[in-house]
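Examining the three-dimensional arrangement
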Amino acid sequence: MPEKVLNTPYPVIDIDPHFTRVVRYFRASDYATWGATTVGVPGALLAWGELQIVTRRMVAGMRVAAFLGACGGFLLAYQNSSMRFLGFTENAREAQMDLLELSQRAREGKPLYGESHQSPWVQGAAHRNSVFSMLKF
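Just so it is clear, the structure is predicted and the values come from calculations on it, not from any experiment.

Here is what the cut-offs are and how they apply
Residues numbered from 1 in each chain as written. Predicted model: local features only at pLDDT ≥ 70, side-chain atom pairs only at ≥ 80, totals over all residues. Heavy atoms only, no water. Salt bridge = Lys/Arg side-chain N within 4 Å of Asp/Glu carboxyl O. Helix = DSSP H or I, 4+ residues; strand = E, 2+ residues; numbered from the N terminus. Buried < 20%, exposed > 50% of the residue type's maximum accessible area, 1.4 Å probe, protein only. Phe/Tyr/Trp six-rings, centres within 6.5 Å; stacked < 30°, edge-to-face > 60°. Expected span 1.5 Å × (residues − 1). Bend = angle between axes of the 7 residues up to and from the residue. Core = buried A, V, L, I, M, F, W, Y, C linked by side-chain atoms within 4.5 Å. Polar contact = N/O pair within 3.5 Å; in protein donor to acceptor, adjacent residues only side chain to side chain.

So, about the pattern of salt bridges. With the rule as written, the count across this model stands at ten salt bridges. The salt bridge involving arginine 24 is made with glutamate 101; its shortest N-O contact spans 3.2 Å. Taken together, the residues span a long stretch of sequence, with arginine 24 in helix α1 (residues 19-24) and glutamate 101 in helix α4 (residues 92-107) at a distance of 77 residues. Residue arginine 24 is classed as partly exposed on the basis of its relative accessible area of 48%. Residue class for glutamate 101 comes out partly exposed when judged on its relative accessible area of 21%. A salt bridge links arginine 27 to glutamate 94, with the nearest nitrogen and oxygen atoms 2.8 Å apart. Here glutamate 94 lies in helix α4 and arginine 27 lies in the loop between α1 and α2 (28-48), a separation of 67 residues in the sequence. Its relative accessible area of 18% is what places arginine 27 among the buried residues. One salt-bridge network, held together by shared partners, links Arg27, Asp30, Arg84, Glu90, Arg93 and Glu94.

Structure follows, in structure tokens:
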């Protein structure tokens, strides 16, 4: 099966970045998105309830809403960061960070993307299952 070629307005950095790499490359706007969603979901719940006074019974609901907002906000921030790896949005900062990171690994004589102790078949299956997975949120 041929590899999918992306026609994006910005250079593609990595089509299957590791989770920790995506989180390390978060921008301030990603953290702001995460925080705004975390605060916005309980705020929307209050507004939907016609701005009633928060009673003791509502506290548990607000905690659940804040937790769901934090989870949703993280997924949204993760997807925004992943879009930069795929070249769908502006990614000059990430391309520079990637160049510096991979150049440092090459100077140290390490493999660019780490070592795996899995068989090639397992590596291929894992790659096929995870490539473009950030678009499935």
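In this section: the environment of leucine 68. Note that leucine 68 resides in helix α3 (residues 58-86). The class of leucine 68 is exposed, set by a relative accessible area of 52%. Along the sequence, leucine 68 and valine 39 sit 29 residues apart, while their C-alpha atoms lie 10 Å from each other.

A few words on the packing of aromatic side chains. A full pass over the atoms with the stated rule returns eight aromatic pairs. Arranged with centres 5.2 Å apart and planes meeting at 40°, the rings of tyrosine 25 and phenylalanine 85 form a pair that is tilted. Taken together, the positions of tyrosine 25 in the loop between α1 and α2 and phenylalanine 85 in helix α3 put the pair 60 residues apart, joining distant regions of the chain. Overall, the relative accessible area of 2% leaves tyrosine 25 in the buried class. Following the ring pairs from residue to residue traces out a cluster consisting of Phe19, Phe26, Tyr31, Trp34, Phe74 and Tyr78.

Right, let's get into α2. Between its first and last C-alpha atoms α2 spans 29 Å; for 21 residues at 1.5 Å apiece the expected length is 30 Å, and the two agree. Along α2, the helix axis deviates most sharply at glycine 40, where the bend reaches about 25°; the proline proline 42 sits within four residues downstream.

Once that is clear, we can look at the nonpolar core. Grouped together as the largest cluster of nonpolar side chains are 13 residues, with contacts concentrated most on Val22, Phe26, Tyr78, Phe85, Leu86 and Phe132. In terms of residue count, α3 provides more of this core than any other element does, five residues in total.

Bringing the side chain of arginine 84 into the picture now. Position of arginine 84 among the secondary structure elements: in helix α3. At 2.3 Å, the side chain of arginine 84 forms a polar contact with the side chain of aspartate 30.

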